[in-house]
Amino acid sequence: MNETIATTLKKARKIVIKIGSNTLAKADGTQNTEFMANFAAQCKALVDMGKQIVVVSSGAQVSGVSTLKEWARKKDIHFRQALCAIGQVELMAQWRKAFAEQNLHIGQLLFTKEDFENDHRSLNIRNTLFTLADEGVVPIINENDSVSIDEFKIGDNDNLSALTAILWSADLLILFSDIDGIYTDNPKTNPNAKLIESVKSIPELRKTIKIGETNAFGTGGIETKIQAAEKTTVYGIPLLLANGGHENILKDLASGNANGTLFLAE
């Protein structure tokens, strides 16, 4: 049992959970609606324990490809942004359905980098998050990919979730990806790579691991997850990285029956 992770989850009241594109996509690139339904049920269990949940959800482009398959190979930026516009609607429709089955309402918030750099906007974001969560509504957050260009992009939802966690004064940030946590090397290519269960010093971690490239569907990789941890831990917010593809992963983490990498708060 991983009691440290279980204890961290037990203590946390306000939890931000980021779900990566690889977790939300099946092998063929279409939406994993079964995961979404199961995840919503696990969130409901936490809500029933008195916890508040904010979800940062990737998957707009994946959902767009699921809807308009003939656009899947188009690489033009305008088609990519249009796919996100279409996909965001489909993504939220599936999240609404999943959480409605648990008698939970959701609310959508789409951000750009500017929203966090402007004091007035960031205050409005904070107030909206507090209001939604206090009223038992689950906010679903994503970057506004249909209007963001490079100079305005946060770039990945690992860092977006970290900024959200800080703004909301969360107690814990959980990043769900397609890996069990941080390893000493890439476990997909090196069978001797070892899982690092807890991180006290991120500078020391950087000296001891090899950082690979980004995954197939997502925009992030191990580097963006470490960047997110660098942001949150200095604000006293621990970050947990775990494999969202495991069945009942949230439930198992809470009970200490699943592994991950826990970045300890400073």
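All residue numbers here refer to positions counted from 1 along the written sequence of the relevant chain. Predicted model: local features are reported for residues with pLDDT of at least 70 only, side-chain atom pairs are reported and counted for 80 or more only, and whole-chain, interface and lining totals are derived from all residues. Processing note: side-chain calculations cover all non-hydrogen atoms of the structure and skip hydrogens and water entirely.

A. Main features of the overall build of the protein chain. What counts as a helix is a DSSP run of H or I of at least four residues, what counts as a strand is a run of E of at least two, and both are numbered from the N terminus. Along its length, the protein chain carries 11 helices and 10 strands. Only protein chains enter the accessibility calculation, which uses a 1.4 Å probe. A residue is then buried if its area is under 20% of the maximum for its type, exposed if over 50%, and partly exposed in between. For the protein chain, buried positions account for 50% of its 266 residues. For this analysis, residues touch if any pair of their heavy atoms sits within 4.5 Å. In the protein chain, once contacts between residues fewer than 6 apart in sequence are set aside, the share between residues at least 24 apart is 75%. Note on areas: Shrake-Rupley with a 1.4 Å probe; residue coverage comes only from the protein chains shown. In the form shown here, the protein chain has an accessible surface area of approximately 12,700 Å², with 49% of it arising from carbon and sulfur atoms.

B. Quick look at the confidence of the model for the protein chain. Scored between 0 and 100, pLDDT is the confidence that the predictor attaches to each residue. Of all residues in the protein chain, 87% attain a pLDDT of 70 or more, and the chain-wide mean is 87. A low-confidence stretch, residues 214–219 stays under pLDDT 50, and its non-local contacts, those more than four residues away or across chains, total 19 contacts.

C. Here's a closer look at the sheet that holds strand β10 (residues 261–263). The sheet built from 8 strands is open, its strands ordered β3-β4-β2-β1-β5-β9-β10-β8 with mixed pairing. Across the chains shown, the open sheet's two edge strands, defined by having one partner strand only, are β3 (106–111) and β8 (198–199). Any two strands between which DSSP finds at least two bridges are classified as paired. Relative to strand β9 (residues 239–243), strand β5 (residues 172–177) is paired through 5 bridges, and the arrangement is parallel. The residue of β9 that forms the bridge with Ser 177 is Asn 243. Contacting β1 (14–19), β2 (52–57), β3 and β4 (138–143), helix α5 (residues 77–100) crosses the sheet at an angle of about 150° to β3. The strands that helix α10 (residues 222–233) touches are β1, β5, β9 and β10; relative to β9, the one it contacts most, it runs at about 150°. Here an angle of 0 to 180 degrees is reported between the N-to-C directions of two axes, which are lines fitted to C-alpha atoms, with helices fitted over the stretch in contact.

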